[in-house]
Amino acid sequence: MPIWRRNHQVEKERHVKANAREYNDKFRYADNRIKTSKYNIFTFLPVNLFEQFQRVANAYFVVLLILQLIPEISSLSWFTTIVPLVLVLAITAIKDATDDFFRHKSDQQVNNRQSQVLIRGSLQSEKWMNVRVGDIVKLENNQFVAADILLLCSSEPYGLCYIETAELDGETNLKVRQALSVTSDLGDVSKLMDFDGEVICEPPNNKLDKFTGTLLWKDSKYSLDNEKMLLRGCVLRNTEWCFGMVIFAGLQTKLMQNCGKTKFKRTSIDKLMNTLVLWIFAFLTCMGVVLAIGNTIWETWIGRKFEVFLPWEQFKNSAVFSGFLTFWSYIIILNTVVPISLYVSVEVLRLGHSFFINWDQKIYHDQTDTSAEARTTTLTEELGQVEFIFSDKTGTLTQNIMVFRKCSINGQTYGDAYDEFNHRVEITEKTACVDFSFNPLCDKGFRFYDSSLVEAVKQEDPAVQEFFRLLALCHTVMPEEKSEGNLVYQAQSPDEGALVTAARNFGFIFRARTPETITLCEMGRSTTYQLLAILDFNNVRKRMSVIG
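Residues numbered from 1 in each chain as written. Predicted model: local features only at pLDDT ≥ 70, side-chain atom pairs only at ≥ 80, totals over all residues. Heavy atoms only, no water.

The name that an unreviewed UniProt entry assigns to the protein is Phospholipid-transporting ATPase, with the source organism given as Nothobranchius furzeri. Turning to the protein, the UniProt annotation filed under Catalytic activity (unreviewed entry) states: "ATP + H2O + phospholipidSide 1 = ADP + phosphate + phospholipidSide 2." The UniProt entry for the protein carries the following comment under Sequence similarities (unreviewed entry): "Belongs to the cation transport ATPase (P-type) (TC 3.A.3) family. Type IV subfamily." (UniProt positions renumbered as here; feature names shortened; annotations may be inferred.)

Given below as structure tokens:
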């Protein structure tokens, strides 16, 4: 999808130069301010009224109000219609304004987050909304990424860094990004100030897994892909610091491109009420037609006898015209058939539902002290109408926990528990687990109940050792040693984490990783394996592999 700049030219290719705000300003790229709210002070009244009059009942009562201003057909004062109509519009407007106020508050909170930007030779604290395309930004551990940036260098060897992409794809597992080798040593502020590389890349788009571009620096060209990008919404993890160059900012970031414009959402209840009101209005019209026909017949047969003492005015001397006026009079008189108060009742119920969601103890998470939060009061009743849920995989709707329970090695199955008579018993919380005290680097939380597998490892059974060696090598897990012997594994999936942890407890400890090597501690002996390639999992092979 082409992107229009403020000068109304289609952006087909983006040119961004590092540390050159004047150069980048010529292209009038978007700033880093975001906006997810629907209204402002000037647009609230017209836009909100336009949205509300998409409800048939509201439109009907406006037409009714206009009819009541015509004295020839109105038998009721226009106050009887305008007061409830204004009340309904005001209550809905207040609710919509409250929802949008919280959107404004959220936008302001995000736009005012602080980020470290390299300006005039030093790192300065800037608000997110003041970050501009081409700026060099410093991120620290556990910080959100302010914009879509090109990774230049990091505190880790080879320019590696680890990010969490939960806000982009819902995955809490860490992913790896690596800077170009030519920029990975730019960890000093003075070197970054001298960096004048230019990036030529694709225009802004919403493809989270794709990026193509080229870095021009020192008369050389370097290819760029998505593995060198940190997208807005990611969080830096297990990396002390990193520097990056802003490529897309604000509403042109991939996260915001996927958000789209805030739309007026109508629930199935709203659509149902509109349909019901249309049927009620059709019934009301039929009643008015029947009564108007009756009036015409009466005026034709009987009403003319009263002309002596109740003379007709000149423009009312037709019985058909009298019936026409009577039709509109009955439309006004019978207006209570259309339930305008129903909309108010539904709005009050929605507000109550949102409070019940916030107070629900069953969806309160004790570990993080987090309760559910209804961010809008418009769609709450939709939750109660869900019939089918389609999920791509386990873990999207459930807590995805994988535990190593059993394995089969060379035709021998391990994992069952046996009593002193060699009878298999059911595993419960009281069942004694295997003692891993022989391994000082074991995971204290790992539980296994078949001691024969430990004996096979200690006896250096080649098939068993090869099994755990492969488990410790074939994965994409990242290790973090928080203290001596205290290893923490960051896995892209719980399956990998469970398998690598099992290998760790049985004496094949995964200790370190670089882009070219994997280091294991095999039964107390440190061994380094050269990593030639990683073949990622795909739907064709249905497996991942490493070549070493």
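*Asks:* Would you mind going over the packing of aromatic side chains with me for this structure?
*Replies:* Between two aromatic rings, the relevant description is the distance of the centres plus the angle of the planes. In total, this model carries 22 aromatic pairs according to the counting rule given. Each ring, one from Phe446 and one from Phe506, has its centre 6.2 Å from the other, and the planes form 85 degrees; the classification is edge-to-face. You can see Phe446 sitting in the loop between β19 (424-425) and α11 (451-458) and its partner Phe506 sitting in the loop between α13 (494-505) and β22 (508-513), a full 60 residues away along the chain. Here Phe446 matches Phe506 in class, with each residue buried. Here Phe448 and Phe506 contribute two aromatic rings whose centre-to-centre distance is 5.4 Å and whose plane-to-plane angle is 85 degrees, an arrangement assigned as edge-to-face. Of this pair, Phe448 sits in the loop between β19 and α11 while Phe506 sits in the loop between α13 and β22, and the two are 58 residues apart along the sequence. (Phe/Tyr/Trp six-rings, centres within 6.5 Å; stacked < 30°, edge-to-face > 60°. Helix = DSSP H or I, 4+ residues; strand = E, 2+ residues; numbered from the N terminus. Buried < 20%, exposed > 50% of the residue type's maximum accessible area, 1.4 Å probe, protein only.)

*Asks:* What exactly am I supposed to notice about the nonpolar core here?
*Replies:* Counting residues in hydrophobic clusters, the biggest one holds 47 residues, and the most contacted among them are Ile136, Phe195, Leu230, Met245 and Ile247. Those elements that place two or more of their residues in this core are β4 (114-119), β6 (136-140), β7 (148-154), β8 (160-165), β10 (198-201), β11 (213-217), β13 (229-230) and β15 (241-248). It is β15 that contributes the most residues to this core, 7 residues altogether. Beyond its immediate sequence surroundings of up to four residues, Phe195 is in contact with Ala18, Asn19, Ile136, Leu152, Thr183, Leu186, Leu215, Trp217 and Met245. If you look at the next biggest cluster of nonpolar residues, it comprises 34 residues, including Val434, Val477, Leu487 and Tyr489. (Core = buried A, V, L, I, M, F, W, Y, C linked by side-chain atoms within 4.5 Å. Contact = heavy atoms within 4.5 Å.)

*Asks:* Mind showing me how you'd approach the sheet that holds strand β5 (residues 122-127) here?
*Replies:* Hydrogen bonds between backbone atoms are what pair the strands of a sheet, whose relative direction is either parallel or antiparallel. Taken in spatial order, the 6 strands make up an open sheet running β5-β4-β6-β15-β7-β13, and their pairing is antiparallel. A strand with exactly one partner marks an edge of an open sheet, and here the two such strands are β5 and β13. Here β7 pairs with β15 via 6 bridges, running antiparallel. Opposite Leu151, over in β15, you have Gly244 as the bridge partner. (Pairing = 2+ DSSP bridges.)

*Asks:* Help me understand the packing of helix α3 (residues 56-68) against helix α4 (residues 79-111), please; the structure alone is not making it clear to me.
*Replies:* A pair of packed helices is characterised by two quantities: the angle between their axes and the separation of those axes. Contact geometry for α3 and α4: axes closest at 9 Å, N-to-C directions at 155 degrees. Of the possible angle classes, the one that applies to α3 and α4 is roughly antiparallel. Helix-helix and strand crossings are classified by hand; for α3 and α4 the assignment is left-handed. Contacts between α3 and α4 involve Asn58, Phe61, Val62, Leu64, Leu65 and Gln68 from the former and Thr80, Thr81, Ile82, Leu85, Val88 and Leu89 from the latter. Residues that form the contact of α3 with α4 fall into these classes: 8 nonpolar, 4 polar and no charged. (Axes fitted to C-alpha atoms, helices over the stretch in contact; angles between N-to-C directions. Parallel < 35°, antiparallel > 145°, perpendicular 65-115°, else oblique. Left-handed = near helix turned anticlockwise from the far one by under 90°. Nonpolar A, V, L, I, M, F, W, Y, C, P; charged D, E, K, R; others polar.)

*Asks:* What's the story with the sheet that holds β22 in this structure? I'm lost.
*Replies:* As summarised here, the arrangement of the 3 strands in space is β22-β23-β24, forming an open sheet in which the pairing is antiparallel. Each edge of the open sheet is held by one strand with a lone partner, namely β22 and β24 (525-530). Direction aside, the axes of adjacent strands within the sheet are offset by 25 degrees on average. As defined by bridge partners, β22 adjoins strand β23 (residues 517-522) across 5 bridges and the pair is classed as antiparallel.

*Asks:* I'm lost on the domain arrangement of the protein in this one. Help?
*Replies:* Interfaces are often described in size by the accessible area the parts lose on coming together. Per the domain assignment, the segments making up the protein are domain 1 (131-258) and domain 2 (407-547). A separation of 34 Å is found between the C-alpha centroids of domain 1 and domain 2. Tallying the contact residues gives 9 residues for domain 1 and 10 residues for domain 2. Interface area, domain 1 with domain 2, both sides summed: about 800 Å², of which 59% is carbon and sulfur. At the surface where domain 1 touches domain 2, the tally comes to 0 salt bridges. Seen at the junction of domain 1 and domain 2, the total is 0 residue pairs in polar contact (both at pLDDT 80 or more). (Domains from an automatic or database assignment. Buried area = accessible area lost by both parts, 1.4 Å probe. Salt bridge = Lys/Arg side-chain N within 4 Å of Asp/Glu carboxyl O. Polar contact = N/O pair within 3.5 Å; in protein donor to acceptor, adjacent residues only side chain to side chain.)

*Asks:* What am I meant to see in unusual backbone geometry here?
*Replies:* The phi torsion of most residues other than glycine is negative, and most of the peptide bonds are trans. The phi dihedral of Asn410 is positive, around 55 degrees, even though this residue is not glycine. Within the secondary structure, Asn410 sits in the loop between β16 (407-409) and β17 (412-414). The exposure class of Asn410 is exposed, given its relative accessible area of 72%. The phi torsion at Lys542 lies on the positive side, around 55 degrees, for a residue other than glycine. Under the relative-accessibility criterion, Lys542 is labelled exposed at 59%.

*Asks:* Which parts of the structure should I look at to understand the pairing of β7?
*Replies:* The side chains of a regular strand alternate between both faces of the sheet. Burial analysis of β7 places 7 of its 7 residues in the buried class, which makes it a mostly covered element. Sheet analysis places β7 next to β13, joined by 2 bridges and oriented antiparallel. When the sheet's bridge partners are listed, Leu150 is paired in β13 with Met229.

*Asks:* How should I be thinking about the pattern of salt bridges in this particular structure?
*Replies:* As a working rule, side chains carrying opposite charge can pair if their charged atoms are close by. Across all of its chains, the model carries 15 salt bridges by this definition. Of the charged contacts, one joins Arg21 and Asp135 as a salt bridge, the two residues approaching to 2.7 Å between their closest N and O atoms. Of this pair, Arg21 sits in helix α1 (residues 21-25) while Asp135 sits in the loop between β5 and β6, and the two are 114 residues apart along the sequence. Here Arg21 falls in the partly exposed class, since its relative accessible area comes to 25%. Relative accessible area serves as the criterion here: at 5%, Asp135 is assigned to the buried category. Between Lys95 and Asp99 there is a salt bridge, with the nearest N and O atoms lying 4.0 Å from each other. With Lys95 and Asp99 both in helix α4, this residue pair falls 4 residues apart, about one helical turn. With respect to burial, Lys95 and Asp99 carry one shared label: buried. Residues joined by salt bridges that share partners form a network here, namely Lys95, Asp96 and Asp99.

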